[in-house]
Amino acid sequence: MLKDASGQGATAAGPVVTVDAGSIPAPDRFGWWSDMVGHEVMAVSIRSPHSARFQGRVEAVDLPHGQVSTFSNSPMTAHRSPVQIRRQDPEEYFLILVRGSSIRLEQGRGVVCLDVGDMALFSTSHPLVCEFHDRDQPVRVTLLRLPRALLPQTGGGADRLLAESLPARTGSAALLGPYLAGLPEAARACEPPELARLGAIGVDLATSFLATRLGGRDTLPVETRKTVLLARINAFIDHRLADPELRPAAIAAHHHISVRTLHLLFRSEPEPVAASIRRRRLEHCHADLADPALRHRTIGETAARWGFRHAADFSRAFRSAYEASPSEVRARALDAKDACAPR
């Protein structure tokens, strides 16, 4: 679990631990940050034109096989030398997602400039230069720590991807980026079993993504491939709930699998795929009906907005799920709003 080297500056909110340079006296702040980075990421030598007024903050979530950490700090440059590697090498990889400003990353034979939304891989086992560009704004990056043994083509095969710009907007990466950016906030509301499941999904997405880049996706464990496919299917469903043609056959065709395979995938889920679609649509309808700001929208329009073709079918499904009619849910929400209004 994340902690700074001095034992200062750390606070916890459930599974999310935060350390903030603002709690450290200004003259000690830059040295404190250097020690903390060495403890939590790897030993590096850092320098910054902002060392006298350095600002930095980290949010970290420990996962069963890794860690997701979001760093927000003043621009700086970090060097990792062969001497530092010989002293201590945890033999880990880090997948970096740039979320603010830009950075230049150099490792092995690779040199890459990364802008907001870009991703790249770096290793603790090779010399490194990481330059955070100074554009009068804080740098913000999210790191996913991955032990070497978890990555496809063990024995250094993943080193071929070091300091290379990785496509971040297609395939597994299109799910991985939002996952990394949103995990700390989502984790605050998670119980340990749910967090463990979320962590496993993130590691599976990352290993699948990297294996695809290495041309070795078929060497991934069956469970990893299954988890990644399910994550893609669930994201596809969420994005297309408003489409009344969203049915198992259409979902299977989009993902180039048979309908039978789709149903087999959902056997490990809490509900079949058709029931999952219906539940998600009903949840959106319930949220809209309970929102007084949407009172201008009729119940029929709300149902159609979330993919229900027939008002009668929607009303039956809604009452079965919530033991109340759509009009009753709306009336309760409006009554509650009126009761809370200032008099």
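Refer to the structure printed above.
First, a word on scope: everything that follows refers to the structure included in this document.

Cut-offs and rules
- Residues numbered from 1 in each chain as written.
- Predicted model: local features only at pLDDT ≥ 70, side-chain atom pairs only at ≥ 80, totals over all residues.
- Heavy atoms only, no water.
- Pairing = 2+ DSSP bridges.
- Helix = DSSP H or I, 4+ residues; strand = E, 2+ residues; numbered from the N terminus.
- Axes fitted to C-alpha atoms, helices over the stretch in contact; angles between N-to-C directions.
- Expected span 1.5 Å × (residues − 1).
- Bend = angle between axes of the 7 residues up to and from the residue.
- Phe/Tyr/Trp six-rings, centres within 6.5 Å; stacked < 30°, edge-to-face > 60°.
- Buried < 20%, exposed > 50% of the residue type's maximum accessible area, 1.4 Å probe, protein only.
- Polar contact = N/O pair within 3.5 Å; in protein donor to acceptor, adjacent residues only side chain to side chain.
- Parallel < 35°, antiparallel > 145°, perpendicular 65-115°, else oblique.
- Left-handed = near helix turned anticlockwise from the far one by under 90°.
- Contact = heavy atoms within 4.5 Å.
- Nonpolar A, V, L, I, M, F, W, Y, C, P; charged D, E, K, R; others polar.
- Salt bridge = Lys/Arg side-chain N within 4 Å of Asp/Glu carboxyl O.

Glancing now at the sheet that holds strand β11 (residues 128-132). On the basis of which strands lie adjacent, the open sheet formed by five strands has the order β3-β6-β11-β8-β9 and antiparallel pairing. Across the chains shown, the open sheet's two edge strands, defined by having one partner strand only, are β3 (45-47) and β9 (110-114). Between one strand and the next, the sheet's axes are offset by a mean angle of 10°, whatever the strand orientation. Where strand β8 (residues 103-107) meets β11, five bridges bridge the pair, whose relative direction is antiparallel. Within β11, the residue paired with Glu106 across the bridge is Val129.

Another point: helix α3 (residues 171-187). Helical geometry note: an α-helix holds 3.6 residues per turn, so side chains three or four residues apart project in the same direction. Its 17 residues give α3 an end-to-end C-alpha distance of 24 Å, which sits within 8% of 24 Å, the value for a rise of 1.5 Å per residue. Along its length, α3 reaches its greatest deviation from straightness, about 45°, at Ala181, and the proline Pro184 lies no more than four positions downstream.

This part takes up the packing of aromatic side chains. One pass over the full model with this rule turns up eight aromatic pairs. A ring pair is formed by Phe30 and Phe54, whose centres lie 5.2 Å apart and whose planes are at 65°; its orientation type is edge-to-face. Of the two residues, Phe30 sits in helix α1 (residues 26-40) while Phe54 sits in the loop between β3 and β4 (56-63), which places them 24 residues apart along the sequence. Taking the relative accessible area as the measure of exposure, Phe30 reaches 17% and is therefore buried.

Looking now at the side chain of Gln67. Locating Gln67 in the fold gives a position in strand β5 (residues 66-73). In terms of polar contacts, Gln67 uses its side chain to reach the side chain of Ser69, at 3.0 Å.

Attention shifts here to the packing of α3 against helix α4 (residues 192-214). Axis angle and axis distance: for two packed helices, these are the angle between their axes and the distance between the axes, and together they describe the pair. The contact between α3 and α4 brings their axes to 10 Å, and the two run at 155°. In terms of their interaxial angle, α3 and α4 are classed as roughly antiparallel. In this structure, α3 meets α4 at a crossing whose hand is left-handed. Residues Ser172, Ala173, Leu175, Leu176, Tyr179, Leu183 and Ala187 of α3 pack against Leu195, Leu198, Gly199, Gly202, Leu205, Ala206, Ser208 and Phe209 of α4. Within the contact of α3 with α4, the residues separate by chemical class into 11 nonpolar, four polar and no charged.

Next up on the list: the pairing of β4. Of all eight residues making up β4, six are buried, and the element is well covered by its neighbours. By the bridge criterion, five bridges tie strand β2 (residues 16-20) to β4 in an arrangement that is antiparallel. Bridge pairing links Val19 to Val58 in β4. With eight bridges connecting them, β4 and β5 associate as antiparallel partners. Its bridge partner being in β5, Leu63 is matched across the sheet by Gly66. Hairpin connection of β4 to β5: two residues between the antiparallel strands.

This part is about the side chain of Thr70. In this structure, Thr70 sits in strand β5. Only 3.0 Å separates the side chain of Thr70 from the side chain of Thr142, close enough to count as a polar contact. For Thr70, the residues in contact, after removing those within four places along its chain, are Arg57, Val58, Glu59, Arg99, Arg140, Val141, Thr142 and Pro184.

The subject of this paragraph is the pairing of strand β7 (residues 92-100). Counting buried positions along β7 yields eight of nine residues, so the element is predominantly enclosed. Inspection of the sheet shows β7 paired to strand β12 (residues 139-147) by eight bridges, in the antiparallel sense. Opposite Leu97, over in β12, you have Thr142 as the bridge partner. Note that β7 and strand β10 (residues 119-123) share five bridges and pair antiparallel. Bridge pairing in β10 links Leu97 to Met119.

Attention now moves to the environment of Leu246. Within the secondary structure, Leu246 sits in the loop between α5 (222-239) and α6 (248-254). Along the sequence, Leu246 and Phe236 sit 10 residues apart, while their C-alpha atoms lie 9.8 Å from each other. Among residues more than four places away in sequence, those in contact with Leu246 are Phe236, Ile237, Arg240, Leu241, Ile251, Ile277 and Arg281.

Another aspect to go through is unusual backbone geometry. Of all residues except glycine, most have a negative phi; of all peptide bonds, most are trans. In this structure, Glu91 takes a positive phi of about 55° despite not being glycine. By the secondary structure assignment, Glu91 is in the loop between α2 (82-87) and β7. Even without being glycine, Glu323 reaches a positive phi, approximately 55°. Considering the arrangement of structural elements, one finds Glu323 in the loop between α10 (311-322) and α11 (326-340). The exposure class assigned to Glu323 is exposed, which follows from its relative accessible area of 71%.

A few words now on the pattern of salt bridges. One pass over the structure, following the stated rule, counts 14 salt bridges. Measuring nitrogen to oxygen at the nearest pair gives 3.8 Å for the salt bridge that ties Glu59 to Arg57. On the basis of relative accessible area, Arg57 is assigned to the partly exposed category, the value being 36%. In the salt-bridge network here, residues are joined through shared partners; they are Asp20, Arg57, Glu59, Glu185 and Arg188.

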